[in-house]
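# Overview (structure and organization)
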Amino acid sequence: MDGAVAGDDTWTVAGRTFRSRLIVGTGRYKDLEETAAAIEASGAEIVTVAVRRVNLSDPKAPMLQDYVDPKKITYLPNTAGCFTAREAVRTLRLAREAGGWNLVKLEVLGPAPLLYPDMPGTFEAAKELIADGFEVMVYCADDPLAAVRLQEMGCVAIMPLGAPIGSGLGLQNPAMLTMIKENVTVPFVVDAGIGTASDAAIAMELGCDAVLLNSAIAHAKDPVVMAKAMKHAVQAGRLAHLAGRMPRRMGADPSSPLAGLIR
Amino acid sequence: MPSTVTLTLNGESRSFEGPAGGPLSVQGLLVLLELDMRKVAVELNEEIVPRSRYAETGLASGDSLEIVHFIGGG
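Residues numbered from 1 in each chain as written. Chains lettered and ligands numbered in written order. Predicted model: local features only at pLDDT ≥ 70, side-chain atom pairs only at ≥ 80, totals over all residues. Heavy atoms only, no water.

## Let's talk about the nonpolar core
Counting residues in hydrophobic clusters, the biggest one holds 68 residues, and the most contacted among them are A:Leu106, A:Leu150, A:Ile158, A:Ile194, A:Leu213, A:Ile217 and A:Met230. Examining the composition of this core, we find that seven residues originate from one element, helix H3 (residues 85-99) of chain A, more than from any other. Sequence-distant contacts of A:Ile217, that is, excluding residues within four places in its chain, are made with A:Val24, A:Tyr29, A:Ala38, A:Pro223, A:Met226, A:Ala227 and A:Met230. Core analysis: the second largest hydrophobic core is formed by 20 residues, B:Leu7, B:Leu35, B:Leu44 and B:Val49 among them. (Core = buried A, V, L, I, M, F, W, Y, C linked by side-chain atoms within 4.5 Å. Buried < 20%, exposed > 50% of the residue type's maximum accessible area, 1.4 Å probe, protein only. Helix = DSSP H or I, 4+ residues; strand = E, 2+ residues; numbered from the N terminus. Contact = heavy atoms within 4.5 Å.)

Dropping the structure here:
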């Protein structure tokens, strides 16, 4: 697998084609300068963003758009913090008006401390959003039936968690992710749970189309260096997937020939 | 005579002087708040106000508005 092949390796979601398979969040950074530097280092072409009330007492405060140009980087508005379908739909309608695009990340969450995907709420919101013309990338449980149902409803990407949001536990469910992926034809993205570069590489080795993460970069001691590590890990994992790993065997199989040994 | 309108803005009650010629519009409010219209979205009584209608959408006392923008998130 040479560089030329890797260079042609793109993925497409809802008709938009991307080269980078790393989607990064823009939350929890020290400041907007660090956010911009980390995104740059990650090579990400899509970033997730949240929708919140403007601070009316400080209208001239710097905004994310001043540091991360939505003309160059695709903003993927999320519904983080939404615990009901109604809140999520309302939030994304506002996002569409603020940004003017339909591609969104839906997440309807259950209560802390797990913030586990609330699947009944997720189905309800996905149905309403799709009917309203949104292209929905959906955060979901690692549930093979839910994944297929969301795809049949018209979601444009299925994004199960690898571990709870912000936990950094790494993929706790690689076998289940692999089995879910078998029945998903739209882009399949691991969203949440990545802790370090090797976790991202494993997700890509499993055959995921992309990885979505935030805290693993933002909460690293040096976020910009970790962003770079994630970029390379995703590329390495993708190449390993394309290359096809060797079979596992229970026992040794020497690499050096046994013939010609001195006696 | 300018009239005073009292609005609930992002959950807080605020009063504004409307212009002499008629009701305060969404556009007029955003100008008073010094907000960049290209970077925010507005919901009036839980209905989105499209940017193209900011100028023609009048506000009355008792209206509730949410004014939002994009911030960092995961």
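## Observations regarding the pairing of strand S2 (residues 12-17) of chain B
All names here are of chain B. With six bridges joining them, strand S1 (residues 4-9) and S2 adopt antiparallel strand pairing. Bridging from a neighbouring strand, Val5 pairs with Phe16 of S2. Adjacent in sequence and paired antiparallel, S1 and S2 are bridged by two residues, among which Asn10 carries a positive phi angle near 45°. (Pairing = 2+ DSSP bridges.)

## Describing the confidence of the model for chain B
All names here are of chain B. Per-chain confidence: chain B averages 90 in pLDDT, with 97% of residues scoring 70 or above. Across chain B, the element-wise mean pLDDT spans from 90 in S2 up to 95 in strand S3 (residues 41-44). Here the predicted complex scores 0.89 on pTM and 0.90 on ipTM. (pLDDT = per-residue confidence, 0-100.)

## Structural notes on the sheet that holds strand S7 (residues 135-140) of chain A
All names here are of chain A. Overall, parallel pairing links the three strands, which are arranged S6-S7-S8 in an open sheet. This sheet does not close on itself; its edge strands, each paired only once, are strand S6 (103-106) and strand S8 (157-160). The sheet shows a mean angle of 20° between the axes of neighbouring strands, taken without regard to direction. (Axes fitted to C-alpha atoms, helices over the stretch in contact; angles between N-to-C directions.)

## Examining the interface of chain A and chain B
With 32 residues of chain A at the contact, the number on the chain B side is 27 residues. For the pair chain A and chain B, the summed buried surface comes to about 2700 Å²; carbon and sulfur atoms form 59% of the total. Looking only at chain A, the three residues that lose the most surface to chain B are A:Arg53, A:Leu56 and A:Glu97, adding up to 26% of its buried area. Run the count over chain A and chain B and you get four salt bridges. Among the salt bridges present, the one from A:Arg53 reaches B:Glu66, with a minimum N-O distance of 2.7 Å. On inspection of chain A and its partner chain B, the count reaches 16 residue pairs in polar contact (both at pLDDT 80 or more). Going through the elements one at a time, strand S4 (46-53), strand S5 (74-77) and H3 of chain A are the ones with two or more residues in the side of chain A that touches chain B. Counting residues per element, the side of chain A that touches chain B draws most heavily on H3(A), which supplies eight residues. Looking at the side of chain A that touches chain B residue by residue, the classes come out as 14 nonpolar, eight polar and 10 charged. Pairing between S4(A) and strand S5 (residues 64-72) of chain B: five bridges, direction antiparallel. Paired with A:Val51 across the two strands is B:Phe70, which belongs to S5(B). (Buried area = accessible area lost by both parts, 1.4 Å probe. Salt bridge = Lys/Arg side-chain N within 4 Å of Asp/Glu carboxyl O. Polar contact = N/O pair within 3.5 Å; in protein donor to acceptor, adjacent residues only side chain to side chain. Nonpolar A, V, L, I, M, F, W, Y, C, P; charged D, E, K, R; others polar.)

## Regarding the packing of aromatic side chains
All told, the structure shown has four aromatic pairs over all chains when counted by the stated rule. A centroid spacing of 5.7 Å and a plane angle of 75° characterise the contact between A:Tyr75 and B:Phe70, whose relative ring orientation is edge-to-face. On the criterion of chain membership, the pair formed by A:Tyr75 in strand S5 and B:Phe70 in strand S5 is interchain, its members lying in two chains. Each member of the pair A:Tyr75 and B:Phe70 is classed as buried. Measuring from centroid to centroid gives 6.0 Å for A:Trp101 and B:Phe70, while their planes differ by 20°, and the two rings are stacked. Of this pair, A:Trp101 sits in the loop between H3 and S6 while B:Phe70 is found in strand S5, placing the two residues in two different chains. (Phe/Tyr/Trp six-rings, centres within 6.5 Å; stacked < 30°, edge-to-face > 60°.)

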